[in-house]
Each structure stands twice: as C-alpha cells, then as structure tokens.
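Inside the fold
Here are the chains, one letter per residue:
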Amino acid sequence: MRVLKKLVVGIFALMVLAGAGAALWLWQGLKTLQAPIVMEEPVLFSVAPGSAFGQVARKLAAEGFVADPLWLRLHGRLNPEQTHIKAGDYEFTSGMTSIDMLRVMVEGKVKLWSVQFIEGWTFSEMRAALARNEKLKRKTTDWTDEQIMTALGAEGQHPEGWFFPDTYLFDSSETDLDILKRAYAIMVDVLETEWQERDEGLPYSTPYEALIMASIVERETGVAGERQQVAGVFVRRLQKGMRLQTDPTVIYGMGDKYRGRIGRSDLRTWTPYNTYRIDGLPPTPIALPGRGAIHAALHPDDGDALYFVARGDGSHKFSRTLSEHQKAVREFQLNRREDYRSFPAPGSETGSNGDQ
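Residues numbered from 1 in each chain as written. Predicted model: local features only at pLDDT ≥ 70, side-chain atom pairs only at ≥ 80, totals over all residues. Heavy atoms only, no water.

**Some words on the overall build of the chain**
The test is simple: Helix and strand definitions here come from DSSP, where helices need a minimum of 4 consecutive H or I residues and strands a minimum of 2 consecutive E residues; each element is numbered from the N-terminal end. Per-residue accessibility, obtained with a 1.4 Å probe over protein chains only, is compared with the maximum for each type, and a residue is labelled buried under 20%, exposed over 50%, and partly exposed between these values. Should any heavy atoms of two residues lie within 4.5 Å, those residues are counted as being in contact. Working definition of accessibility: Shrake-Rupley area with a 1.4 Å probe, residue cover restricted to the visible protein chains.
For the chain, the count of helices and strands is 13 helices and six strands. Counting over 356 residues, the chain shows a buried share of 43%. Pairs at least 24 residues apart make up 67% of the contacts formed inside the chain by residues separated by at least 6 positions. Surface accessibility of the chain: about 19300 Å² in total, with carbon and sulfur atoms responsible for 53%.

Here it is as structure tokens:
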C-alpha cells in the first residue's frame, strides 16, 4: 500500500513538473512575439485578399518576422479577436514586435503613398504626375481626356480646372482613376460651397465662369494677399466691358508653341484664349485653381484699380489709371533689375507671370 501511494505521488509530481515545463515552454514561446525586431530599413509585407490567419503566420515566419508560426497561431487561439487580418501592403519598421505587426494588420493600417497636384498646374501636368508615380496602379494611361471625364460622370465637360490641387494619399489597391475621382469630387464640392457664399453683383452667370476666373487669378499671382486684388481688377474690367488682357491666357492658348516668352505677334494672334483679342472670359479654365483663388474670384477686392504689373519680386503694382500703369511699366518692366522675377523668391509662395 505504501508502495502504491509513493507511486501515485511520484506520478503526480511528474505531471506537475511536466505541466510546469510545458507552461514555461509556452510562456517563453509566446514571449518571443514581444521581442523587438531589428531591421536595416522599413520592409513591405503584403497580405493577399482572402488570406487565412495561418497563412499569414507562415508567411511572417518565412520572411523572418516570427521565429515559429506555432507561437503566432497559439496567440491567435488565445486572442481570437486578433486573427481578423485585412488584406493590403503593410510597412514594418525596426523596433516593431510581431504583436505590433499583427495589430497593424488587424487594424488595416496599410502603407499609404502620395501624389501631389500643384495649384496652377494644367490637366496635362496632372496626368503626367499620375503617370510618373510608380506606386499607383495605372488605368487611364491610354485614355483620352474625354474618356476620363465620361468615367467621372462628366461627359462632354472640358477637364481643365475641374480637379482640386492637393496632396492625395492612396494605398496599393487604388488606381489613377480613383485619385481623379476624389480630386474631381472635392473640386465640385468646394466650388459649390464657395458659389453659395459669393458676393452680390459679380459678372458671372454660373459657377463654371467663376472657376474660369479663379484659374486666371491662380496663374497671375502666388502671393496670397494679392489674389483678391487681382480678382478685383479682372471683375471691374468685365463690368466695364474692358478686355482682360492677361498673359497666362495667351500662353495657354499657344499650347506647345510657348517656349518661355511671348512676343507682340503672340498677343496679336487670335486664339479662343487670347484675352487681348477676345471679349470676356476664355471658354474654359486655364489651370487648377486652389481654394484661395476660388474664394478671391467670388469675393474680389472692392478697390478701383484696373491695371497691374509685376514688380520683379513676385508681387505686383496696382494702378487706377492707364497713365499710372504706364509709369509703373516703365519703372518695373522697361528698366528691369538683374534680379528681376515675375515669380516669388524660391521657398516663398509661387505664382506665374502675366502682366497687366
């Protein structure tokens, strides 16, 4: 009887020791998931759509992020809410633990890239920026402008000016068309919002005419404080039946013929955009206007200036009469300093030339 008792006690002790050993083994294994991983540079990890948790665990182990997929599967059994991983590309950085990586994938914090559209760009420059972006899936590369606008639900609409200039973030699942849809929707919303809050008595019959004006203001100056003054000059000209006579519209109408300068013959050449030759606004916008330019077009300065000329430092001299303007032209244009610029200095707000 004593022998049997000793045997039972011995077996129980072995079971306790085995259990304690298994618990220690399990604890040590799960502990490896909390160890920071050292990487020389960030690494992208892709999870394909429909991937099961076990598949992801094996891939993490194969790529060196987990010592053994068993520990990650056991972690998933103990924490089932952390097994619902979302598809996408994820960026892992040095110092992250396996648990950190798992958390990122469960929360769907996929890697984001960006593409930027600059205020004052043309639609063709926008398309070029999309085409250059190596991370963005290309869908519209071989499409015409007309096909793009049709895909956006704006069939027959000229694309110029209809896309809001901004920095757009995207993940690996998005295409260039997705970005265009977002930029178009934002511009439609911004224009409608600003139109509803416009000043009274403006010479625009539609929001589109305001968009055209905003694009001209955008190309004329990058100095935020001048936008409403520039818009005021153009609005007063329209109200008085004067031609806008603005160089950026001439440049836009020249297209590929423009080589950095415009001459007297260019000002005399008729195009639908040459505001030295046509009355009123050109038929379409000439660039992407930002919100500031749109706001200025709908809330122009109420001064009395009818002319302006570039000073050479990126800003402009505004004049009320033609004689004042001619004097300013002689001062700032005919006797240009060596450091003359129609654009603001590097690092400051940028704009375009085009002198009145």
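**Focus: the nonpolar core**
The nonpolar side chains of soluble globular proteins are, as a tendency, buried together. So the rule is basically this: Among buried residues, those of type Ala, Val, Leu, Ile, Met, Phe, Trp, Tyr and Cys that are joined through side-chain atoms within 4.5 Å constitute a nonpolar core.
By size, the foremost hydrophobic cluster in this structure holds 57 residues, and its most contacted members are F117, F163 and Y204. Those elements that place two or more of their residues in this core are strand 3 (113-116), helix 5 (123-132), helix 6 (145-151), strand 4 (167-170), helix 7 (176-196), helix 8 (207-220), helix 9 (227-240) and helix 12 (291-298). If sequence neighbours within four positions are ignored, Y204 has contacts with W195, E209, A210, M213, V235, A297 and L298. Grouped together as the second largest cluster of nonpolar side chains are 23 residues, F65, W71, V104 and M105 included.

**A few points about the environment of K240**
Here K240 is to be found in helix 9. A residue is classified by how much of its surface remains accessible, and K240, at 54% relative accessible area, is exposed.

**Details of the packing of helix 8 against helix 9**
We apply this condition: The axes used here are C-alpha line fits, helices contributing only the stretch in contact, and every angle between their N-to-C directions lies in the interval 0 to 180 degrees. When an angle is under 35 degrees it counts as roughly parallel; over 145 it counts as roughly antiparallel; between 65 and 115 it counts as roughly perpendicular; any other value is oblique. By definition, turning the near helix anticlockwise from the far helix through less than a right angle yields a left-handed crossing, and turning it clockwise yields a right-handed one. Each residue receives one of three labels: charged for Asp, Glu, Lys and Arg, nonpolar for Ala, Val, Leu, Ile, Met, Phe, Trp, Tyr, Cys and Pro, and polar for the others, Gly being one of them.
Running from amino to carboxyl end, helix 8 crosses helix 9 at an angle of 130 degrees, the nearest separation of the two axes being 9 Å. The angle between helix 8 and helix 9 places the two elements in the oblique class. In the packing of helix 8 onto helix 9, the handedness of the crossing is right-handed. Packed against helix 8, whose contacting residues are M213, I216, V217, E218 and E220, the element helix 9 presents R227, V230, A231, F234, V235 and L238 at the interface. Grouping the constituent residues of the contact of helix 8 with helix 9 by class yields eight nonpolar, no polar and three charged.

**Remarks on the pairing of strand 5 (residues 307-310)**
Keep this limit in mind: At least two bridges found by DSSP between two strands is the condition for calling them paired.
Of the two faces of strand 5, both are covered, the one formed by Y307 and V309 as well as the one formed by F308 and A310. Connecting strand 5 to the next strand, strand 6 (residues 316-319), in antiparallel fashion are five residues, including G312 with a positive phi near 110 degrees.

**As for the side chain of N133**
The cut-off we apply is this: Any pair of nitrogen or oxygen atoms within 3.5 Å is treated as a polar contact; in protein, a donor-acceptor pairing is required on top of that, and neighbouring residues in sequence qualify only through side-chain atoms on both sides.
Mapping N133 onto the fold places it in the loop between helix 5 and helix 6. On the basis of relative accessible area, N133 is assigned to the buried category, the value being 12%. At 3.1 Å, the side chain of N133 and the backbone nitrogen of K135 are in polar contact. If sequence neighbours within four positions are ignored, N133 has contacts with S114, V115, R138 and F170.

Note that all results are geometric; they support no functional claim without further evidence.
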